[in-house]
Amino acid sequence: MSSKDEGSRSGGDESPSTSGLQSPYGTHPSNKSVSFTEESDSMKRAAAKKLIERYFYQLLDGCGNPNCDNVHCASSGKAKVLTPNQAAAQAIQLFSQEAQLCDTQPSKVARTSESDTEAGSQTTSNVDDNTQSSTSHSIPSATPGHSGLLQSKLTTQHEEKPIPHITEEKLLKILETCKRESSYSLLIRTLGEVFSSADSLFHSFVKRIPESPLEALLDKAPPGDLRLLKKEDVRTLEGDQDKDEDSQEAALREHCAQAALVLGHCSRPVRVDIGIWDTYVDLPSLRRAYAALFEQVPGATLESVLVNALTTLAASMEITRQFAPASMCEGARLHCFVIIFELPVLGQSEYLEVALPAICKEAVKMPLYTQGRLARIWAKHCRGRLKELLVSLQQLITLKVISGTFSRDHSVQDEDAIVAPTKLMKILYYANILAGELDPADLRQEDPAVLTDDPLLGVGFSGNKTSPIAQYEDPLAKELQINVLDSRKPLIPFTEFYNEPLSEAVEMDKDFAHFKSESDAAHLAHSQCPVAKFSFMWYSFILTPATKTLGLYYDNRIRMYSERRMSIYHSMVGQPVNPFLRLKVRRDHIIDDALVELEMVAMENPKDLKKQLVVEFEGEQGIDEGGVSKEFFQLIVEEIFNPDYGMFTWNQETQTVWFNPTSFESDAQFSLIGVVLGLAIYNNVILDVHFPMVVYKKLMGKRATYYDLEDWNNTLYKGLTQLLEYEGDDIEETFSQTFRVCYQDVFGSVLHHDLKEGGEQIPVNKANRREFVDLYADFLLNKSVEKQFRAFRRGFQMVTDESPLHLLFRPEEIEQLVCGSKNFDFNELEEATEYDGGYTAGTQIIQQFWEIVHRMPLESKRKLLQFTTGSDRVPVGGLSKLKLIISRNGPDSDRLPTAHTCFNVLLLPEYESKEKLMDRLEKAINYSKGFGML
């Protein structure tokens, strides 16, 4: 706990040369006042410097007390995040003001230069007993690697055992010695000693850092008193603050402050003299050392010692973390992990079995801020290493999944050797985003779906996410100030983060239960609280879209069942309500009927949209168990997206539809289209829609850019790219383009739009061509359809606002969720098909059936899917996820095949010949329309 300096101190009227100075190292009886008139100048200087140094580290690193309330201590979370320069200036001010000084300091290891360490001497605190209590701590260096350490200037030296460590030069000398002596014993002993000790690893491969500015400033102080420093000297350090405000580091000050609160006991991890994107590890030297080591020494020789050392290191870190958390700062842990994850052999079998799981388990225990620093370091300095590290983590997870024995009592979520690398992979996932091509974060803004008086949506409907899950933002992404939507092109494709063996092994019902548990609810409220039950849905990047779709299915079904329960309660109190969302439509008036009924529901009670959909076609006997709804969606999509309807336009080149900027339809109509799309996802129905990818990005809350034109209008995209890449100076003559653009409405009339005021008079030249491209793309993809898309998105959010959709899926995965897979592999369907009623895979008619199917053109195959399942789309994950059942429907007859589309069952009579089977099957799939009772 912080305390005020005690003891006597002379009044403020006395000159500095006669003022008394009380040591604030504690209240031990041995502490005594030191008079400047009675001691030598050197002792006065040492004592004053000692106090300033303590203020300096208290401002930067804190005292290590999680309950500290000292506003001038980093551990309290109340102190401003400072650079070393700013901390040095403020330390001198606090010294002159006799400000509060905490009792303790974080325990660190003092460092010296490389030569001093090798000589076995190290600088430590050695102030006279009159100025230091017996309980004081040794004073740490500001950072590892300072060439002229502040420590050595403030204290006297005494002999201390050097800390074992290794550098590139040392390693090369050891390799030469081993080669000369034909023995690797020295190398093995050295590697075992260094890689098994966090302290030794922390002192290894340290980058040389320039001297601390505080050191140079202290040298300017007069011998009598450091408080006589010139004001301009202190202001030299304070002036650094204005410059910092313009730097990228200043933009992250608030996040650093939050991290300090999270760390609590830990010293504030602000090593801002090298920046949050940098590391003290000398990575080029480290990589050269590793290359020489594994090139010159057989892998078997190193395997045992490194595996044992890393396992020991992980165990010691765990003990330190649990029983002495303040004894090792997070910067030291980060230094160690940067060195370890550069090892090129982590993916080999022995390391996968023992060492890597243990290291992963400790690495993910780092505080959020430190995890963010590791992600930034990997993104900036280790781009070439990320793919190899990802492969190693994937191999580890796959190995543990395949070799493990899991049950309902012990699932993959309970296996630390799977959970830990998954958590570490999240750090790698965001490093991969940072290392790729990023769009500006200001494009990721909430759609301005603000209050509206739309008669469909009701007064005051905003369309914004309201549920805790829908509002959830990953803590690490928030720390890094990025989002997956910012990624235009990641360094490694996102699909390589999928782990199919794990996705197959995860029991999604159990995982979803963990996801919805109370501990995960706490996870939403407190990003760093321990989660009792691990759920892979919080780490959805590792799951395949098919597996995530199952998680979304459980969420939707539970909400539907909840609505049914509520209807029962209403019935019990005399207010019966329909437990389903029932739509009764006519086939020849399907748009009018559907939109009118959905409009009534949205106006009366929008929550009814989250009930299970049940469709009835007027005049037909079909009972909707899923199949009727599928056909309803197919028919309504065909009508709505027909260019003749006027709501959307068709791009022949890219085969996509886009919002008609000159449509005469009302906002309510576009809102209802969004409702239909949301209902399809909510009811697990795949649609035959052809939106470009930019629509799904905009649905997730990101504005479109020039790069999104490629999927929608490739010809225009190529033309604008040529404009940007044109190297000649005659752009005005070559392209003859101004800031006025033209486009056509649905009637073919040419309309004009000025991208800037007076655009017709502003020619596009080399200086403003980028501005023109950005404004043109923004007009086409955002501003010209803003009204239509805003209404469309509001309708979509009416159904999905409480869904974990944004948490589980990226935009390209949502396209799969809506449209299904584009891979029509009927071999997969044949392997996944089951048989009933006496049929087997070896039955002759079944073999003939598949021979006929495989020879069909794609269009006929799609008709077969439509006939048997109610949809011609392939589900997410491919046709292997479609559980088709072929059942015997009696002996040979003239009857056509029939189907239960709700249950994906094909009823097939046992025809006497292959020709008859082909004839009956073709008639069935080509002339099937409507539903009846069998």
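Structure: see above.
Predicted, not measured: the structure shown is a model, and the values here were computed from it.

Moving on, we come to the pairing of strand S9 (residues 580–585). With burial as the criterion, only one face of S9 is covered, namely that bearing Leu581, Leu583 and Val585; the residues Phe580, Arg582 and Lys584 on the opposite face remain uncovered. Two elements, S9 and strand S10 (residues 612–617), share six bridges in a ladder whose sense is parallel. Paired with Lys584 across the two strands is Glu616, which belongs to S10. Each parallel crossover has a hand, and for S9 linked through helix H26 (residues 590–604) to S10 it is right-handed.

Once that is clear, we can look at the environment of Tyr776. Relative to the helices and strands, Tyr776 resides in helix H33 (residues 769–783). Along the primary structure Tyr776 and Leu755 are separated by 21 residues, whereas in three dimensions their C-alpha atoms are 6.8 Å apart. Setting aside its immediate chain neighbours within four residues, Tyr776 contacts Leu716, Leu720, Val741, Cys742 and Leu755.

So, on to the packing of helix H16 (residues 349–363) against helix H19 (residues 416–435). Axis angle and axis distance: for two packed helices, these are the angle between their axes and the distance between the axes, and together they describe the pair. With their axes 8 Å apart at the nearest point, H16 and H19 run at an angle of 55 degrees to one another. With respect to each other, H16 and H19 are oriented oblique. The two elements H16 and H19 cross, and the hand of that crossing is left-handed. Here Pro357, Cys360, Lys361 and Ala363 of H16 lie close against H19, whose contacting residues are Asp416, Ala417, Ala420, Pro421 and Leu424. Grouping the amino acids of the contact of H16 with H19 by side-chain chemistry returns seven nonpolar, no polar and two charged.

For the coordinates displayed, the defined rule picks out 40 salt bridges. Taking the shortest distance from any N to any O, the salt bridge between Glu812 and Arg810 comes out at 2.8 Å. One salt bridge in this structure joins Lys914 and Glu851, with 2.8 Å as the shortest N-O distance. Here Lys914 is found in helix H40 (residues 914–926), whereas its partner Glu851 is found in helix H38 (residues 844–855), with 63 residues between them in sequence. Under the relative-accessibility criterion, Glu851 is labelled partly exposed at 37%.

Together, Met566, Ile568, Tyr569, Met572 and Val573 make up a nonpolar patch on the protein surface, roughly 560 Å² of accessible area in all. For Ile568, a relative accessible area of 48% gives the class partly exposed.

Rules used in this analysis
- Residues numbered from 1 in each chain as written.
- Predicted model: local features only at pLDDT ≥ 70, side-chain atom pairs only at ≥ 80, totals over all residues.
- Heavy atoms only, no water.
- Buried < 20%, exposed > 50% of the residue type's maximum accessible area, 1.4 Å probe, protein only.
- Helix = DSSP H or I, 4+ residues; strand = E, 2+ residues; numbered from the N terminus.
- Pairing = 2+ DSSP bridges.
- Right-handed = clockwise from strand over helix to strand, strands pointing away.
- Contact = heavy atoms within 4.5 Å.
- Axes fitted to C-alpha atoms, helices over the stretch in contact; angles between N-to-C directions.
- Parallel < 35°, antiparallel > 145°, perpendicular 65-115°, else oblique.
- Left-handed = near helix turned anticlockwise from the far one by under 90°.
- Nonpolar A, V, L, I, M, F, W, Y, C, P; charged D, E, K, R; others polar.
- Salt bridge = Lys/Arg side-chain N within 4 Å of Asp/Glu carboxyl O.
- Patch = residues over 30% accessible without salt bridge, like charges linked within 9 Å, V, L, I, M, F, W, Y side chains within 5 Å.
- Areas by Shrake-Rupley, 256 points an atom, 1.4 Å probe, with all protein chains shown as cover.

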